[in-house]
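# Tertiary structure, described
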Amino acid sequence: MALLEINDLCATVDGKEILKGINLSLDSGQVHAIMGPNGSGKSTLSYVLSGRAGYEVTGGEVLLDGKNLLEMDPEERACEGVFLGFQYPVEIPGVPGTTFLKTAVNAVRRYRGESEFDAMQFVKFVRAKAKEFNVSDDMLKRAVNSGFSGGEKKRNEILQMAVLEPRLAILDETDSGLDIDALKLVAAGVNAMRGPERAMLMITHYQRLLDYVVPDMVHVLFEGQIVKSGPKELALELEKEGYCQFFETAA
Amino acid sequence: MPDGMKIDLPLAENYENVAPVLVGAGVDWLDALRRDGLARYGALGLPNPRVEAWKYTNLTRMGRTKFISAVTAAQPSLDQIPAGALDIDAVKLVLVNGRLRPEFSDLDQLPDGVTAMNLAEAVAGKSPDLQGVLRAVVSGHDMPMLALNAAYLNDGVVIDVEKGRAIDTPIHLISIGVSDEEPVAFHPRNVLRVGDGAAVTVYESHIGLGGPYLSNGAMDIRIGEDALLRHRKLQNEAENGYHVATASVVLEARARYENYTLHVGGLLVRNEIHAVLSGSGADCNLYGAYAGRGNQHIDTTTFVDHAAAECTSREVYKGALDDNARGVFQGKILVRRGAQKTDGHQLNKALLLSEGAEIDSKPELEIYADDVKCSHGATAGELDEEQLFYLRARGINEAEARDLLVAAFLEDSLDVIGDEDRREAFRSIISNWLAGRSQRQED
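Reading the values: the criteria
The residue numbering used here restarts from 1 in each chain and proceeds along that chain's sequence as written. Written order decides the labels, with chains lettered from A and ligands numbered from 1. At least 70 in pLDDT is required for a residue's local features to be given in this predicted model, at least 80 for side-chain atom pairs to be given and counted, and no such filter applies to totals for whole chains, interfaces and linings, which use all residues. Helix and strand assignments come from DSSP, with helices taken as H or I runs of at least 4 residues and strands as E runs of at least 2, each series counted from the N terminus. We take the radius of gyration over the C-alpha atoms and set the globule estimate at 2.2 Å times the residue count to the 0.38 power. To assign burial, the other C-beta atoms lying within 10 Å of each residue's own C-beta are counted, with C-beta atoms placed from the backbone; 20 or more indicates buried, 12 or fewer indicates exposed, and intermediate counts indicate partly exposed. In this description, a residue-residue contact is defined by the distance between C-beta atoms placed from the backbone, which must lie within 7 Å. Pairing between strands is defined by DSSP: at least two bridges between the two strands are required. Interaxial angle, 0 to 180 degrees, is taken between N-to-C directions of lines fitted to C-alpha atoms, where a helix line uses only the stretch in contact. Only buried residues count toward a nonpolar core: Ala, Val, Leu, Ile, Met, Phe, Trp, Tyr and Cys, linked into one set through C-beta atoms within 7 Å. Crossing handedness: left-handed means the near helix sits turned counterclockwise from the far one by under a right angle, and right-handed means the same turn made clockwise. Note on residue categories: nonpolar means Ala, Val, Leu, Ile, Met, Phe, Trp, Tyr, Cys or Pro, charged means Asp, Glu, Lys or Arg, and polar means any other residue, Gly included. For the domain bounds, the source is a domain assignment made automatically or taken from a database. Helix span is expected to be 1.5 Å times the residue number reduced by one. Directions from the helix axis toward the C-beta atoms define the arc.

## Overview of the overall build of chain B
Regarding its fold elements, chain B presents eight helices and 21 strands. Computed over the C-alpha atoms, the radius of gyration of chain B is 21 Å, within 12% of the 22 Å expected from 2.2 N^0.38 for a compact globule of 443 residues. Seen through its principal axes, chain B has C-alpha atoms that stretch 70 × 55 × 45 Å. In chain B, buried positions account for 51% of the 443 residues. Taking the contacts inside chain B whose residues are at least 6 apart along the sequence as the reference set, 82% of them involve residues at least 24 apart.

## Thoughts on the overall build of chain A
Check the secondary structure of chain A and you find nine helices and 12 strands. Taken against the 2.2 N^0.38 rule, which gives 18 Å for 251 residues, the C-alpha radius of gyration of chain A at 18 Å falls within 12% of a compact globule. Overall, the C-alpha framework of chain A stretches about 60 × 40 × 35 Å when taken along its three principal axes. Scored against the burial criterion, the 251 residues of chain A give a buried share of 43%.

## A closer look at the sheet that holds strand β13 (residues 256–263) of chain B
Residue and element names in this part refer to chain B. If you trace the 10 strands from one edge of the open sheet to the other, you get β3-β2-β6-β9-β11-β13-β15-β17-β19-β21, paired in mixed fashion. A single partner strand is all that each edge strand has here, and the edge strands are β3 (99–100) and β21 (373–381). One ladder, built from eight bridges, connects strand β11 (residues 228–235) with β13; its direction is parallel. Bridge assignment links Arg 230 to a residue of β13, and that residue is Glu 258. Along the sheet, helix α7 (residues 398–411) contacts β15 (283–292), β17 (312–321) and β19 (343–352); its crossing angle with β17, the most-contacted strand, is approximately 160 degrees.

## A look at the nonpolar core
Buried together is how nonpolar side chains tend to be arranged in soluble globular proteins. In terms of nonpolar packing, the biggest core is built from 202 residues, with Leu 168 of chain A together with Leu 251 of chain B touching the most fellow members. Take this core: its biggest share by element is seven residues, from strand β12 (residues 241–251) of chain B. Beyond its immediate sequence surroundings of up to four residues, Leu 251 of chain B is in contact with Ile 223, Tyr 257, Ala 275, Val 276, Leu 277, Ser 278, Gly 279, Ala 282 and Cys 284 of chain B.

## Description of the packing of helix α3 (residues 97–111) of chain A against helix α6 (residues 150–164) of chain A
All names here are of chain A. Remark: α3 packs on α6, axes separated minimally by 10 Å, with the N-to-C direction vectors making an angle of 30 degrees. The handedness of the crossing between α3 and α6 is right-handed. Across the interface between the two elements, Leu 101, Ala 104, Val 105 and Val 108 from α3 touch Gln 160, Val 163 and Leu 164 from α6. Classifying every residue of the contact of α3 with α6 by side-chain character gives six nonpolar, one polar and no charged.

## A closer look at the domain arrangement of chain B
Residues and elements named next belong to chain B. Each assigned domain of chain B is listed here: domain 1 (15–279) and domain 2 (384–443). Computed from C-alpha coordinates alone, the two centres of domain 1 and domain 2 are separated by 31 Å. Contact residues are listed per partner, giving 10 residues for domain 1 and eight residues for domain 2. Residue contributions to the side of domain 1 that touches domain 2 peak at three residues, all from β13. Classifying every residue of the side of domain 1 that touches domain 2 by side-chain character gives six nonpolar, one polar and three charged.

## Description of the pairing of strand β11 (residues 217–222) of chain A
All names here are of chain A. Counting buried residues in β11 gives five out of six residues, a clear majority hidden from the surface. Relative to β11, strand β3 (residues 31–35) runs parallel, the two being bridged by four bridges. Its bridge partner lying in β11, Met 35 is registered against Val 220. With five bridges joining them, β11 and strand β12 (residues 225–230) adopt antiparallel strand pairing. Counterpart to Phe 222 in the pairing with β12 is Gln 225. Where β11 folds back onto β12 in an antiparallel hairpin, the turn is made up of two residues, including Glu 223, whose phi is positive at roughly 45 degrees.

## As for the interface of chain B and chain A
Each partner contributes residues to the interface: chain B has 17 residues there, and chain A has 20 residues. Those elements that provide at least two residues to the side of chain B that touches chain A are α6 (385–392) and α7 of chain B. Take the side of chain B that touches chain A: its biggest share by element is six residues, from α7 of chain B. When grouped by side-chain class, the residues that make up the side of chain B that touches chain A number seven nonpolar, three polar and seven charged.

## Observations regarding the sheet that holds strand β6 (residues 82–85) of chain A
Residues and elements named next belong to chain A. One open sheet holds the six strands; their spatial order is β6-β9-β10-β3-β11-β12, and the pairing between them is mixed. A single partner strand is all that each edge strand has here, and the edge strands are β6 and β12. Between one strand axis and the next, the sheet turns by 20 degrees as a mean value, whatever way the strands run. The sheet contact formed by β3 and strand β10 (residues 199–204) spans five bridges and is parallel. Bridging across to β10, Ala 33 finds its partner in Met 202. Here helix α1 (residues 42–50) sits on the sheet in contact with β3, β6, β9 (168–172), β10 and β11, set at roughly 145 degrees to β9.

## Some points on helix α7 (residues 180–193) of chain A
Residues and elements named next belong to chain A. Between its first and last C-alpha atoms α7 spans 20 Å; for 14 residues at 1.5 Å apiece the expected length is 20 Å, and the two agree. What α7 keeps buried is the set Leu 183, Val 186, Ala 187, Gly 189, Val 190 and Met 193. Burial along α7 is one-sided: seen end-on, the buried residues are contained in an arc of 155 degrees. Residues of α7 that are exposed and point more than 90 degrees away from the buried face comprise Ile 180, Asp 181 and Asn 191. Packing partners of the buried residues in α7 comprise α6 and β9.

## Section: the packing of helix α2 (residues 28–44) of chain B against helix α5 (residues 144–151) of chain B
Residues and elements named next belong to chain B. Taken N-terminus to C-terminus, the directions of α2 and α5 make an angle of 145 degrees; their axes are 7 Å apart at the nearest point. Handedness of the α2/α5 crossing: left-handed. Residues Leu 33, Arg 34, Asp 36, Gly 37, Leu 38, Arg 40, Tyr 41 and Leu 44 of α2 form the contact with α5, whose participating residues are Pro 144, Ala 147, Leu 148, Ala 150 and Ala 151. Residues that form the contact of α2 with α5 fall into these classes: nine nonpolar, one polar and three charged.

In structure tokens:
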């Protein structure tokens, strides 16, 4: 059984059809990239998978380990193992980073029938992870993402992924707004999280990130459908020729 | 009995029976003060929307409750201080239905440089210069409840801090409203004078048992030159409690006033602060938060009077309102002619957590000087959907995510309290309020 199975998924935003029958299958241990021009539906796909309000599914199904994902609340999906790395992580003034992480980790542990961490256990656990993923103590203490640089926000997303240990990580434009050093750090974090027990869906506009996180498959999303799939070399081809070939076909 | 001691208005029906037993009855200046208060209350009436200053807070319904005066009622017996007050290390002064109760108070542990006594002792001549303070009922404003307080002048506590003293131990005034059988009304008048160059921290906790009861308190605060008063108040009255409080604050030159008020209790609440910055370089800081649910009505009314040059005032209130709760914020900054280089800012931010919740904000600036920096603002909104989704996408359920965001919003107001332990005392009250909120959602 595939880890993620998307069958003929259709979705609208404000009554406008954005996803027009997406088919995608992802096995455990795999990393797939979804590329496409602006407005092709990449972010919509990530939000539909994670359950954001305002995205109405009008057809098709999404199965995570055989379970119907679309029936679940966002928090239930997260507990089942869906992780969305946000393109623009939101700042939450007043909520300390550690409080947020502890609440999230314990919610997921409770759901999975594991014992909750007490304060001491959690500090030990999160400090080790933070060190591994280049997140400073100061960043942990501050309010969630508040006043963080672009690079800090993305590193913080990767840390959240590391502590929540998802089955499926959806990384939405993780490379956007990063300089090359920040990109390398984030890519190293993503690579460290690759493993046989999870799958990743990397959504990106540019090929650049894929130099550092090499995918098993590349899909091209165009006007709400996957129009082409291929091995990692497809990304290089797109980089050279752009997305105009699809526009011509569509026209 | 002197003339004019009988008026037919709620809360004053039996005044002629109470007047003769009020402390110092027969002393000319006290009689005159009370008579003026009663006459003024008689002229203004129980606050209702026709009185501009009470446009959003109507006491007409409260007025239908037949309150008896705590002065003639039996003092309730109480074994211990009920739960709900701030948990802080401090010298306690405990008032039950407005009257100082020595058996619960730490009168023998007052720090050097601080005196405290009940109002009865004070008016009997033990506290100097009291007449002037008590007579200075803020004039020119429609303050019927303050006038009523003056009419019933009897209970309360008078605190003096010697000049030049920096007092480390905080003082904690705990007001307990108790009514078992009959609704009780009490009108304590507290006086707090901080001498020149002195510094002190005073807490207030307002809690209660039973109800309905009315706590219509007034506090006269004088802060001397170069003195500092940190004044922090928790209003956590019983569910059926009515809480009306008027603080009149006078700041001398270079005095600093730091007020923080947290409201979580009471059925109908009006908290009014009138600050007069009478000496140049004075610095007035009014901060606070209010959290309402059910049918609570919480009114914060402030008036900051810049009467001298080069003074600063800051005002930030944050409110979270759930169910059918209603919040009111009226804030006025007056900059008088000659109060040049005034720097005054004011902000009210309200979070509406349900369709039925409501906030009325009325910020006002009145400026007669030409070289000033003043601003005011008010916002009202719901929880941020993006923040909620972010938290939920990490596995945190919706109720818990909302609580985290509401707590963050309210606790943000606590930043002005420097000391972590004391911040924690207020934070735990906010947590309890949130816990009560989630509890009810499960029921």
